[in-house]
Amino acid sequence: MKKRLLAALMAGAMALTMTACGGSSSASGSDDSNAASGGNGASAGSYKVGIVQLVQHEALDAATQGFQDKLTELVEADGGKVKFDLQNASGESANCSTIVNGFVSANDDLIMANATAALQAAQAATSDIPILGTSVTDYGTALGISDWTGKTGTNISGTTDLAPLDGQADMLKELFPDAKNVGLLYCSAEPNSKYQIDTIKPMLEKLGYTCTEFAFTDSNDVASVTQKAASGSDVIYVPTDNTAASCTEAIANVVIPAGIPVIAGEQGICNGCGVATLSIDYHELGEATGEMAYEILVKGANPGDMEVQSAPNFTKMYNKANCEKLGITVPDDYTAIEG
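Everything numeric in this text was worked out from a predicted model, so none of it was measured.

What counts, and where the lines are drawn
Residues numbered from 1 in each chain as written. Predicted model: local features only at pLDDT ≥ 70, side-chain atom pairs only at ≥ 80, totals over all residues. Heavy atoms only, no water. Salt bridge = Lys/Arg side-chain N within 4 Å of Asp/Glu carboxyl O. Helix = DSSP H or I, 4+ residues; strand = E, 2+ residues; numbered from the N terminus. Buried < 20%, exposed > 50% of the residue type's maximum accessible area, 1.4 Å probe, protein only. Contact = heavy atoms within 4.5 Å. 1 Å grid on protein atoms, 1.4 Å probe; cavity = no way out; pocket = protein on both sides within 12 Å on 5 of 7 lines; lining within 4 Å. Points joined across faces, edges and corners; volume = space filled by probe spheres on them. Polar contact = N/O pair within 3.5 Å; in protein donor to acceptor, adjacent residues only side chain to side chain. Nonpolar A, V, L, I, M, F, W, Y, C, P; charged D, E, K, R; others polar. Phe/Tyr/Trp six-rings, centres within 6.5 Å; stacked < 30°, edge-to-face > 60°. Lys NZ or Arg CZ within 6 Å of the ring centre and 35° of its normal. Pairing = 2+ DSSP bridges. Axes fitted to C-alpha atoms, helices over the stretch in contact; angles between N-to-C directions.

A. Molecular detail of the pattern of salt bridges. Under the criterion given, the structure shown has six salt bridges. Of the charged contacts in the structure, one is a salt bridge between K194 and D198, with a shortest N-O distance of 3.2 Å. Taken as a pair, K194 and D198 lie in helix α7 (residues 191–206) at a separation of four residues, close to a single helical turn. Using a relative accessible area of 41% as the deciding quantity, one classes D198 as partly exposed. E213 is the salt-bridge partner of K194, the closest N and O atoms lying 3.1 Å from each other. With K194 in helix α7 and E213 in strand β7 (residues 210–216), the pair connects residues that are 19 residues apart, well separated along the chain. The partly exposed category is assigned to K194, whose relative accessible area is 30%.

B. Inspection of the side chain of N322 at higher detail. For N322, the position within the fold is in helix α13 (residues 320–326). The contact partners of N322, leaving out residues within four places of it in the chain, are I256, C270, G272, C273, G274 and V275.

C. Quick peek at empty space enclosed by the protein. Applying the stated criterion across every chain, the model contains one cavity of 30 Å³ or more. Size it by volume and the largest cavity reaches roughly 40 Å³. Forming the walls of the largest cavity are H57, A59, L60, S135, D161, T240, D241, N242, E266 and Y282.

D. Inspection of the environment of V75 at higher detail. Mapped onto the fold, V75 is located in helix α2 (residues 58–77). Separated by 222 residues in the primary sequence, V75 and L297 place their C-alpha atoms 9.0 Å from one another. Beyond its immediate chain neighbours, meaning those up to four positions away, V75 contacts A44, G45, Y47, G80, K81, V82, Y294 and V298.

E. Main features of the environment of N155. Tracing the backbone through its elements, the reader meets N155 in the loop between α5 (139–143) and β5 (156–160). Sequence separation of N155 and P130 is 25 residues, and the distance between their C-alpha atoms is 5.0 Å. A distance of 2.8 Å separates the side chain of N155 from the backbone oxygen of I129, its partner in a polar contact.

F. Layout of the layout of surface pockets. Estimates place the volume of the largest pocket at around 490 Å³. Taken together, 27 residues make up the lining of the largest pocket; nearest its centre are L54, G91, C187, E190 and T243. Sort the elements by how many residues they give to the lining of the largest pocket and helix α4 (residues 116–125) lands first, with three residues. Within the lining of the largest pocket, the residues separate by chemical class into seven nonpolar, 15 polar and five charged.

G. Geometry of the packing of aromatic side chains. Following the criterion strictly, the structure yields two aromatic pairs and no others. The interplanar angle of 65° and the centroid separation of 6.1 Å between the aromatic rings of F67 and F84 together place this pair among those described as edge-to-face. Of the two residues, F67 is situated in helix α2 and F84 in strand β2 (residues 81–88); the sequence distance between them amounts to 17 residues. By relative accessible area, F67 is classed as buried at 0%. By relative accessible area, F84 is classed as partly exposed at 21%. Seen in terms of ring centroids, Y139 and W148 are 6.2 Å apart; in terms of plane orientation they differ by 15°. Their pairing is stacked. The aromatic ring of Y209 is capped on one face by K173, whose charged end is 5.2 Å from the ring centroid.

H. Quick look at the environment of V238. Tracing the chain through its elements places V238 in strand β8 (residues 235–238). Residues V238 and C187 lie 51 residues apart in sequence; the distance between their C-alpha atoms is 9.5 Å. What V238 contacts, discounting residues up to four positions off in sequence, is L185, A244, V262, I263, A264, G265 and I269.

I. Structural detail: the sheet that holds strand β11 (residues 309–310). The sheet built from six strands is open, its strands ordered β2-β1-β3-β4-β5-β11 with parallel pairing. Where the open sheet ends on each side, the last strands, each with one partner, are β2 and β11. Across two bridges, β5 lies against β11 in parallel orientation. Looking at the pairing, T159 lines up with Q309 of β11. Lying on the sheet, helix α3 (residues 93–105) is in contact with β1 (46–53), β2 and β3 (110–114); it crosses β1 at an angle near 170°. Sheet strands in contact with helix α12 (residues 282–297) are β1, β3, β4 (131–136), β5 and β11, and its direction is about 170° off that of β4.

J. Quick look at unusual backbone geometry. Positioned with a positive phi, S90 is a non-glycine residue whose angle comes to about 55°. Here S90 shows up in the loop between β2 and α3.

K. Summary view of the sheet that holds strand β6 (residues 181–187). Strand order in the open sheet formed by seven strands is β7-β6-β8-β9-β10-β12-β13, and the pairing between neighbours is mixed. Two strands close off the open sheet at either side, each with one partner strand: β7 and β13 (335–336). Bridge count between β6 and β7: seven bridges; the pairing is parallel. Bridge pairing links L184 to E213 in β7.

Written out as structure tokens, the structure reads:
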């Protein structure tokens, strides 16, 4: 009897030991799961991020680089890894759709869409994979949201490159107080460019300028439309516009010989054909987007609950070479564009 009792007690102890081991294995698996999803105190996992960039030019390139730099830094600091699939659409919206569909088929963990057309393609391709936009001027316009509140409520968020348009209008007035006619040069195929023009036009008119719109449809008619703008304007304003940014040489070849200054919506355009801008740092904008991606991938944040973020800083900049060619002197609080 004692032997049978002792055997029963030993069997029970072994069963408890096995149960405890099983529970330990389960807890370990739970910890690994938290690590992959960014649980408190857990390390990051491995992630695949697809990047679709509309076109190659200075501003968008800087935003993409800033995004990759910051996200890599944050994920690796948590012990994780991130792999990027960077693809450029060469300025074609249809290419954006093809690229994004590839990311969806590959089941990437996150899609970063650089520029409005890229964001629109990502929106159409998936409602499940988290999407972050960058270098997008107005999300309400880009995504077709009429009652824009700053959050999408969907799988999308990101950063905006919209500079203070009232500040850019004031800059034009500061530098060219005696000008009368302002040409508004932009691409009609880019809704965010039209948004900027519709916003800044009444501001400039309130400052006493007569404003005329000069819209090109694509890169093929940039030179001819710029020629019309130069012949009828004292100053030209070019908003943050991807087509203009990729055609600054064509614009400069018209406006510099004609002696017509250009106030630009962003640094890259100013560097190519402008004289001054109130602009953001696109690498900083990309870094802010990378920080949002980290919150989504590692911490489990929901893009739809994340406010679209603005650039952290704005700087008055001038193109020293173009100002010298046109005999323009800028105030001391302007910073010369490097490069």
